[in-house]
Amino acid sequence: MDFALSEEQSAIFDMAHAFGEEHIAPFARQWEKEESIPKDLWPRIAELGFGGLYVSEDGGGAGLTRLDATLVFEALSMACPSVAAFLSIHNMCAKMLDTFAEDDLKTRVMDDVLSMKTVLSYCLTEPGSGSDAAALKTRAVRTNEGYTLNGTKAFISGGGYSDAYVAMVRTSDDGAAGVSCVYVEDGTDGLSFGGLEDKMGWRSQPTAQVQFDDCKIPSGNLVGEEGKGFKYAMMGLDGGRLNIAACSLGAAQTALSATLDYMGERKAFGKPIDQFQGLQFRLADMEIELQAARVFLRQAAWKLDNGAPDATKFCAMAKKFVTETGSKVVDQCLQLHGGYGYLADYGIEKLVRDLRVHQILEGTNEIMRVIVARDMLKNR
């Protein structure tokens, strides 16, 4: 058992961290105010191979492991978890296309996906189906030319911003087996968007409803086979849960590092506040929790990479544990900053807001508990 990162993995982390510090961190607050991420950022990220992190090398991607990918997202989220999480969504869609799409569709779209000339959004959630994703109602009716889509997707990161949408739609009434996956390009007739959602965090990510009104797509835009979409969606979620946990981890590490610096400078009662034992205990607790979260996350990623039979359970456990730990740590960091932590200038309150949603998306943490409990009961 070796807990050390390889030389290549350390280089991947360092490259992502350096890019984030130079090209993301100085602008994160500005992008939050503008409620958008400049489109020209993505091709620069793609030059590092981050437009297809775990797309196969044969398919033109980086061919990284899921563990490697968590290092990228941990490093980038140290600069801004909102930007890092958006990149995770694009990569989940890219992997689905690489794994399941027919060669004709891949030939048509994947070069631009990998270069991030085409930025992807993922459309699963609907106004009436969140945790119960198989209850989705967006309908795709087969026509002579392809499919006609009708329905609405909710809480879509990149809605109205992205260049294409990987959407789960209903092609039959056969429950989860009636869900298929389709690729819808921006500008398609019948594709429209709701107004931007006014969110607590992740404010640099434009988020809106995606609406299909007699939206017609060619048959070649079906991803994989009819009736397999829900299976594709669920297969993507294990990795997505690791990524979002990594985003919590990186952001919390940034908050803790900033808090250490602040406590060495801030004085009260005649000495730096890092000299008070009670506050030292709180620092130690946060360090212990973050180190435990990091090891747990990497163990889950290792299991997913190696096809362990309990990989899904471990991804769920890691997602629950790491996202809750991250939120707890950034909240404590804000408290240790006192009133200054409540000010935008110090960057801590943004992290508190950004990380809160990580306990909701990619499957709520309540659903993570359901997954774990079901596995325990099945295997007792």
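That block above? That's the structure.
Each value, and the rule that gives it
Residues numbered from 1 in each chain as written. Predicted model: local features only at pLDDT ≥ 70, side-chain atom pairs only at ≥ 80, totals over all residues. Heavy atoms only, no water. Helix = DSSP H or I, 4+ residues; strand = E, 2+ residues; numbered from the N terminus. Buried < 20%, exposed > 50% of the residue type's maximum accessible area, 1.4 Å probe, protein only. Polar contact = N/O pair within 3.5 Å; in protein donor to acceptor, adjacent residues only side chain to side chain. Contact = heavy atoms within 4.5 Å. Core = buried A, V, L, I, M, F, W, Y, C linked by side-chain atoms within 4.5 Å. 1 Å grid on protein atoms, 1.4 Å probe; cavity = no way out; pocket = protein on both sides within 12 Å on 5 of 7 lines; lining within 4 Å. Points joined across faces, edges and corners; volume = space filled by probe spheres on them. Nonpolar A, V, L, I, M, F, W, Y, C, P; charged D, E, K, R; others polar. Pairing = 2+ DSSP bridges. Patch = residues over 30% accessible without salt bridge, like charges linked within 9 Å, V, L, I, M, F, W, Y side chains within 5 Å. Areas by Shrake-Rupley, 256 points an atom, 1.4 Å probe, with all protein chains shown as cover. Salt bridge = Lys/Arg side-chain N within 4 Å of Asp/Glu carboxyl O. Disulfide = S-S within 2.5 Å. Axes fitted to C-alpha atoms, helices over the stretch in contact; angles between N-to-C directions. Left-handed = near helix turned anticlockwise from the far one by under 90°. Phe/Tyr/Trp six-rings, centres within 6.5 Å; stacked < 30°, edge-to-face > 60°. Lys NZ or Arg CZ within 6 Å of the ring centre and 35° of its normal.

Here we look at the side chain of S121
Move 1: Locating S121 in the fold gives a position in strand β1 (residues 120-123).
Move 2: When its relative accessible area of 0% is taken as the criterion, S121 is described as buried.
Move 3: One polar contact links S121 to S162, side chain to side chain, over a distance of 2.6 Å.
Move 4: If we ignore the near neighbours within four places in the chain, the residues touching S121 are I89, C93, I156, S157, G158, G159, S162, A164, Y165 and V166.

Examining the nonpolar core
Move 1: I24, L41, W42 and L76 are the most contacted members of the largest nonpolar core, which has 69 residues in total.
Move 2: In terms of residue count, the dominant contributor to this core is helix α7 (residues 229-265) (twelve residues).
Move 3: Dropping the residues within four chain positions of it, L41 is found in contact with F19, H23, I24, W31 and V83.
Move 4: Among the nonpolar cores identified, the runner-up in size contains 29 residues, and M96, L120, Y183 and A233 belong to it.

Details of the layout of surface pockets
Move 1: Its boundaries defined by the atoms lining it, the largest pocket holds a volume of some 1,000 Å³.
Move 2: Along the wall of the largest pocket there are 35 residues; nearest its centre are T125, I360, L361, E362 and G363.
Move 3: Of all the elements, α7 adds the most residues to the lining of the largest pocket, at five residues.
Move 4: A breakdown of the residues in the lining of the largest pocket according to their chemical character gives 19 nonpolar, eight polar and eight charged.
Move 5: Of the voids in this model, the second largest pocket is the one considered here, and its volume is about 480 Å³.
Move 6: The biggest single contributor to the lining of the second largest pocket is helix α8 (residues 277-305), with eight residues.
Move 7: Among the residues making up the lining of the second largest pocket, the classes are represented as seven nonpolar, five polar and five charged.

A look at the pairing of strand β5 (residues 179-185)
Move 1: Within β5, six of the seven residues are buried, which leaves the element mostly enclosed by the surrounding structure.
Move 2: Summarising the sheet, strand β4 (residues 164-170) and β5 pair through seven bridges and their orientation is antiparallel. The partner of V169 across the bridge, within β5, is S180.
Move 3: Where β5 and strand β8 (residues 222-223) come together, two bridges link them in antiparallel fashion. From the neighbouring strand, V182 faces β8, where its bridge partner is L222.

What to know about empty space enclosed by the protein
Move 1: Overall, the coordinates contain one cavity of 30 Å³ or more when judged by the stated rule.
Move 2: By volume, the largest cavity is sized at about 50 Å³.
Move 3: Split by residue class, the lining of the largest cavity holds two nonpolar, two polar and five charged.

Observations concerning a nonpolar patch on the surface
Move 1: Nonpolar side chains collect at one region of the surface, where M1, F3 and V295 lie side by side and expose about 430 Å² of accessible area between them.
Move 2: Residue position: V295 is located in helix α8.

Points about helix α10 (residues 348-356)
Move 1: Of all nine residues in α10, seven are buried, a share of seventy percent or more.
Move 2: The complete set of buried residues in α10 reads I348, E349, K350, L351, R353, D354 and L355.
Move 3: If you follow the buried residues of α10, they end up packed against α2 (28-34), α5 (81-100), α7 and α9 (311-336).

Observations regarding the state of the cysteines
Move 1: Applying the stated criterion across every chain, the model contains zero disulfides.
Move 2: C181 takes part in no disulfide bond, and the closest cysteine sulfur to it belongs to C93, at a distance of 8.1 Å.
Move 3: A relative accessible area of 0% means that C181 is categorised as buried.

Side note on the packing of α9 against helix α11 (residues 365-378)
Move 1: Contact geometry for α9 and α11: axes closest at 9 Å, N-to-C directions at 145 degrees. Pair α9 / α11 crosses with left-handed handedness. Residues T312, K313, A316, M317, K319, K320, T323 and E324 of α9 touch α11, and the partners they reach there are N365, M368, R369, I371, V372, D375 and M376.
Move 2: A class-by-class count of the residues in the contact of α9 with α11 yields six nonpolar, three polar and six charged.

Considering the packing of aromatic side chains
For any two aromatic rings, the description comes down to two numbers: the centre-to-centre distance and the angle of the planes.
Move 1: For the structure on display, the rule yields eleven aromatic pairs.
Move 2: Relative to F193, the ring of Y165 lies with its centre 5.5 Å away and its plane at 40 degrees, an arrangement referred to as tilted. Of this pair, Y165 sits in strand β4 while F193 sits in strand β6 (residues 191-193), and the two are 28 residues apart along the sequence.
Move 3: Ring centres of Y262 and Y346 lie 6.2 Å apart, and the angle between their planes is 90 degrees; on these two criteria the pair is classed as edge-to-face. Here Y262, found in helix α7, pairs with Y346, found in the loop between α9 and α10; they are 84 residues apart in sequence, far enough to count as distant.
Move 4: On the basis of relative accessible area, Y262 is assigned to the buried category, the value being 9%.
Move 5: Chaining the aromatic ring pairs together yields one cluster made of W42, F86 and Y161.
Move 6: Positioned over the ring face of Y54 is R66, at 3.7 Å from the centre of the ring.
Move 7: Seen from the ring of F276, K271 lies directly overhead, with NZ or CZ sitting 4.7 Å from the centre.

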